[in-house]
Amino acid sequence: MTDTELDVFFTALQRVVRERDTVPAGVVSAAKASLAWRSIDEELAALVYDSADEPGLLAGVRGGSSRQLTFSSEDLTIELEVDGPSRGLVGQLVPPQPAAIEVRHLDGSAFVSADDLGRFDLAQVPHGPVSFRCEAGARGRIATDWVRL
Amino acid sequence: MRDLEAASWVRRAALGDEEAWEALVDRFADLVWSVARGHGLGSADAADVSQTTWLRLAEHLRTIREPERVGAWLITTSRRESLRTLRRVRHHVLVDSCAEWCGNGPAIDVDADLLAGERDAELWKAFEGLSGPCKALLRMFLADPPPSYADVSVAIDMPMGSIGPTRMRCIERLRGCVVGEPDQVEAEERTPVTLRRRAS
């Protein structure tokens, strides 16, 4: 097969894909609106562990698995566990401490409090991207990476 | 080659410059979408992966280590997010064999008299039916505009020199699965053309 034949084929494929499957306008405008969500004063707590990254961990536990995630900034770690079926969430701040936590979501935020032992929970996490903004007294404010839970 | 234009958009967007951010989105939105679609995600999941990726970039603007590699960062992030989605729905396909590529469905016979639009539809259907790393790689290069080899190389951890040959091999394989050359049908008057999925 010649390179020219392959080029012709690729060009045809390119035309077909670009006619049918370019990024929808709504996705582009949502992306453009994302800049407004960037944190100014908060320190970023990056996603450092996600059990969904481990192949096979969820497999075999049909519908009954939970997912663990860890976000970490210099001063504070946030551990989350999300129950698969119920979408209920429990969280833990490390080191343990009380804090006001905003669960950021594109359709609006939910607010929860971490108790003296740094524990917090949410009956049901929203679908779509979420981020946790945490106000923890002397340790300042942090915001986690956006994730889909 | 370093993407200095993209790097300057990142630096300006980090300071809140909306125009620079929009330029970034205009350049890379279709690439991010293509990464998700190339991993076999449907439109709703691909939209969520895109949204998550862009929100995450907005938070990382200040800390991103190599702003000139923002294209690679976007591919890496959207790819990881796509794989997470696939594992959650448990139908991930991480290897491609020809069987997976081509499926075992009945052959699609396309008569030479068909309109170009119908042939395109068959080609699209065949492409949509494919899965695996080759599909993911090719779909990325079908983005408008396509990514640089340098960004793809960093994102999928493949040497620069291997990207071109791998891309060609994938095109060749795909063409082998989807027999027929829709663009050349006109030239071969009245010759029946078969655009079909090979059985294995």
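Everything quoted here is computed from the prediction, not taken from an experiment.

Draft legend 1. Focus on the nonpolar core. Formed by 60 residues in total, the largest nonpolar core has its most connected members in Trp 21, Leu 24, Trp 54, Leu 57, Leu 61 and Val 70 of chain B. Among the elements that line this core, the one with the most residues is helix H2 (residues 18-38) of chain B, at eleven residues. Not counting the four nearest positions on each side in its chain, Trp 21 of chain B is found in contact with Ala 31, Lys 32, Ser 34 and Leu 35 of chain A together with Ala 13, Trp 54, Leu 57, Ala 58 and Leu 61 of chain B.

Draft legend 2. Molecular detail of the interface of chain A and chain B. At the interface, 54 residues of chain A touch 60 residues of chain B. Summed over both partners, the interface of chain A with chain B comes to about 5,200 Å²; 60% of that surface belongs to carbon and sulfur atoms. For the pair chain A and chain B, the number of links is eleven salt bridges. Linking Asp 45 of chain B and Arg 148 of chain A is a salt bridge whose minimum nitrogen-to-oxygen distance equals 3.0 Å. Our enumeration of links across chain A and chain B arrives at 23 residue pairs in polar contact (both at pLDDT 80 or more). Broken down by secondary-structure element, the contributors of at least two residues to the side of chain A that touches chain B are helix H1 (3-20), helix H2 (25-33), strand S1 (43-50) and strand S10 (147-148) of chain A. Here the side of chain A that touches chain B gets 16 residues from one element, more than from any other, and that element is H1 of chain A. By residue class, the composition of the side of chain A that touches chain B is 30 nonpolar, seven polar and 17 charged.

Rules of the game
Along each chain, residue indices are assigned from 1 in the same order as the chain's sequence is written. Going through the entries in the order they are written, you letter the chains from A and number the ligands from 1. Totals for whole chains, interfaces and linings use all residues, but because this is a predicted model, local features are given only for residues with pLDDT of at least 70 and pairs of side-chain atoms are given and counted only at 80 or more. The basis for every side-chain value is the complete set of non-hydrogen atoms in the structure, without hydrogens or water. In these notes, a set of buried Ala, Val, Leu, Ile, Met, Phe, Trp, Tyr and Cys residues joined through side-chain atoms within 4.5 Å is what counts as a nonpolar core. Each residue gets one of three labels from its accessible area relative to the maximum for its type: buried under 20%, exposed over 50%, partly exposed in between, using a 1.4 Å probe on protein chains only. Put simply, DSSP marks the helices as runs of H or I at least four residues long and the strands as runs of E at least two long, and each gets a number from the N terminus on. Pairs of residues are marked as contacts when any of their non-hydrogen atoms sit within 4.5 Å. A simple way to read buried area is as the amount of 1.4 Å-probe accessible surface that goes missing from two parts once joined, with both sides added. Here a salt bridge means any side-chain nitrogen of Lys or Arg lying within 4 Å of a carboxyl oxygen belonging to Asp or Glu. Polar contact is defined as a pair of N or O atoms within 3.5 Å, subject to the rule that within protein one atom must be able to donate a hydrogen and the other to accept it, and that residues adjacent in sequence are counted only when both atoms are side-chain atoms. Three residue categories are used. Nonpolar comprises Ala, Val, Leu, Ile, Met, Phe, Trp, Tyr, Cys and Pro, charged comprises Asp, Glu, Lys and Arg, and polar comprises the others, including Gly.

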